[in-house]
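Residue-level structural notes
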Amino acid sequence: MLLLILAILAAASRVSAVSGSLGWHFVQNGTTGVLALEFMVVSPTLAIVFDRPSNDPLQINGHAAWGALWNLETNTATALDVITDSFCGSGSFLSNGTMVSLGGTPMENPQTEPDYDGQMGIRIFEPCLDPAGTGCTLFEDPDNLHLTESRWYPSSARIFDGSLMVVGGSHVPTFFNDDPANTFEFFPPKDGGVPRPSAFLERSGHTNLFPRVFALPDGKVLLVANNRTAIYDIETDTETPLPDIPNGVRITNPMDGSATLLALSPRITSQSAVGWSCRLKGIARGWEVEHMLEPRMMPEMILLPNGQVLITNGAATGFAALDSVGDAINESDADNPVFTPSLYTPSQPVGQRISNQGLPTTDIPRLYHSSVSLTPMGNVFIAGSNPNTLIVNEGVKFPSEFRVEYLNPPYMTVERPVLHDVPSQIGFHENFTIGIEIPDNLEASTIQVSLMDLGFSSHAFHSSSRLVFMTASLSEDKTELSVLSPPNNRVYPPGPAFIFVTVDDVTSEGVQVMMGSGLSPPVPDQGVRL
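To start, this report covers the structure provided alongside it. In this text the structure is predicted, and so the values were computed from the model without any measurement.

All chains considered together, the criterion is met by seven aromatic pairs. Geometrically, the ring pair formed by Trp152 and Tyr153 is tilted, given 3.9 Å between the ring centres and 40° between the ring planes. Considered together, Trp152 and Tyr153 belong to a single accessibility category, that of buried residues. Arranged with centres 5.6 Å apart and planes meeting at 85°, the rings of Phe214 and Phe461 form a pair that is edge-to-face. With Phe214 in strand β15 (residues 212-215) and Phe461 in strand β33 (residues 461-463), the pair connects residues that are 247 residues apart, well separated along the chain. Given a relative accessible area of 5%, Phe214 falls into the buried group. Among the aromatic residues, ring-to-ring pairing joins Phe39, Trp70, Phe381 and Tyr406 into one connected group.

The structure is reproduced here in structure tokens:
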């Protein structure tokens, strides 16, 4: 199952064949040591991996680790000392650059792995300046720093004031959510730390785990759970119901579809703010249904710097769960892995947007508990898959998977644009310049400058993933780009971002920047209101 959020539109050209490249291709490189159930890029060279306290091979302090720093340059993992059980949590960045992991699972294996209850857990990773992660650690203080409500399978979203909105989940691990946390809370806390009840979550019933949550460019939040949708206004604490997803399709756990917010662009209308806003005419038109090339349960959708969306991973049959149905495959509630990714191109006509032409096929199943992310290098990290309670290497159809694959786009094997002199901090509605070296064989007939949050990957959803195209012009000598940043902190929430530049379908490596003041949340509005 698959859901595309189409309320916000952006045009992006289809990636053409890049002359002289190897095309799309998979490369295996390294093993994670900790099952990559959750994954988030935290610096140009590092990402955080979380699993559950289990029997993962990577060790720390005499026991199996369930967290690690993945080095994107060396393809090696370094164990992190995690205190609370991070299994089935969520996370994102704050406006000051701090990465926050939150929610999780009750204590699981106190005799073998000394974990604490993670359902109210908050795990902090401060900005890490060392490329190898030397000296960079995770901070936890579960007695004093925790959520207000227990949350297993929650979602989170970066919002306009630089804090995180935490949405839903369950008070206990369950296949159907029969003890739901039908509330919102925030980190840092708002409202004196009292969660806000949500009628939307109440309406979405028992299949609303890991709600799909999107910060819209006016500061409101789009909520999707089960087959229900709504827009939530954080500032007035009001919900506006939207039409249900058609055909009775349910898209949250355990019926995991996926969802993404398409690229935001000022170029939808000429010199108009409409391109940044959720247009009432589009909402009135309702849902537009498109069919994938094959069924997919628990796929992932990854925004690419040119505005296309990669669809990968998942199974053709079953559920996103463990040992909860009568005909489970060992413990897996899903079967028939889908091995070939597809590309979704928003600018194409309905019926022609999804294609796997030129996409390679892997031989590694990526089922329940997999993760995916675009990397700062511009390729796609794919790891994990463990439809088993513990780490299982033998005797099952789908063993625990530690091998890492990178899916390389065509531009990874040709000479690429190189960015330099990129400002480390950029204000909103601000003109700035970027130095660029463009390969001689590129005419520079098209240029896209992308501002991206690479998101937090877990359970077929990429929390806070975002792409904003910025207006840019190239100097006559083709060595400098003049760029206008997004108008305000609602179009792009304040905090870390990566800038990519795509020239004639060839994308540079990303450069990390800080958007906005860099102060701790909550921060005031910045830039210009639309």
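You can see Asn177 is positioned in the loop between β12 (164-167) and β13 (183-187). Residue class for Asn177 comes out buried when judged on its relative accessible area of 0%. Only 3.1 Å separates the side chain of Asn177 from the backbone oxygen of Gly169, close enough to count as a polar contact. Those residues in contact with Asn177 that sit more than four places away from it in its chain are Gly169, Ser170, His206, Asn208 and Leu209.

Our next topic: the nonpolar core. Of all hydrophobic cores here, the largest spans 44 residues; its most connected members are Trp70, Leu310, Leu374 and Val380. Ranked by residues supplied to this core, first place goes to strand β26 (residues 380-384) with four residues. Excluding its chain neighbours within four sequence positions, the residues that come into contact with Val380 are Leu304, Leu310, Val372, Ser373, Leu374, Glu405, Tyr406 and Leu407. By size, the runner-up hydrophobic cluster in this structure holds 29 residues, among which are Ala444, Val483, Tyr492 and Val503.

Calculation criteria
Residues numbered from 1 in each chain as written. Predicted model: local features only at pLDDT ≥ 70, side-chain atom pairs only at ≥ 80, totals over all residues. Heavy atoms only, no water. Phe/Tyr/Trp six-rings, centres within 6.5 Å; stacked < 30°, edge-to-face > 60°. Buried < 20%, exposed > 50% of the residue type's maximum accessible area, 1.4 Å probe, protein only. Helix = DSSP H or I, 4+ residues; strand = E, 2+ residues; numbered from the N terminus. Polar contact = N/O pair within 3.5 Å; in protein donor to acceptor, adjacent residues only side chain to side chain. Contact = heavy atoms within 4.5 Å. Core = buried A, V, L, I, M, F, W, Y, C linked by side-chain atoms within 4.5 Å.

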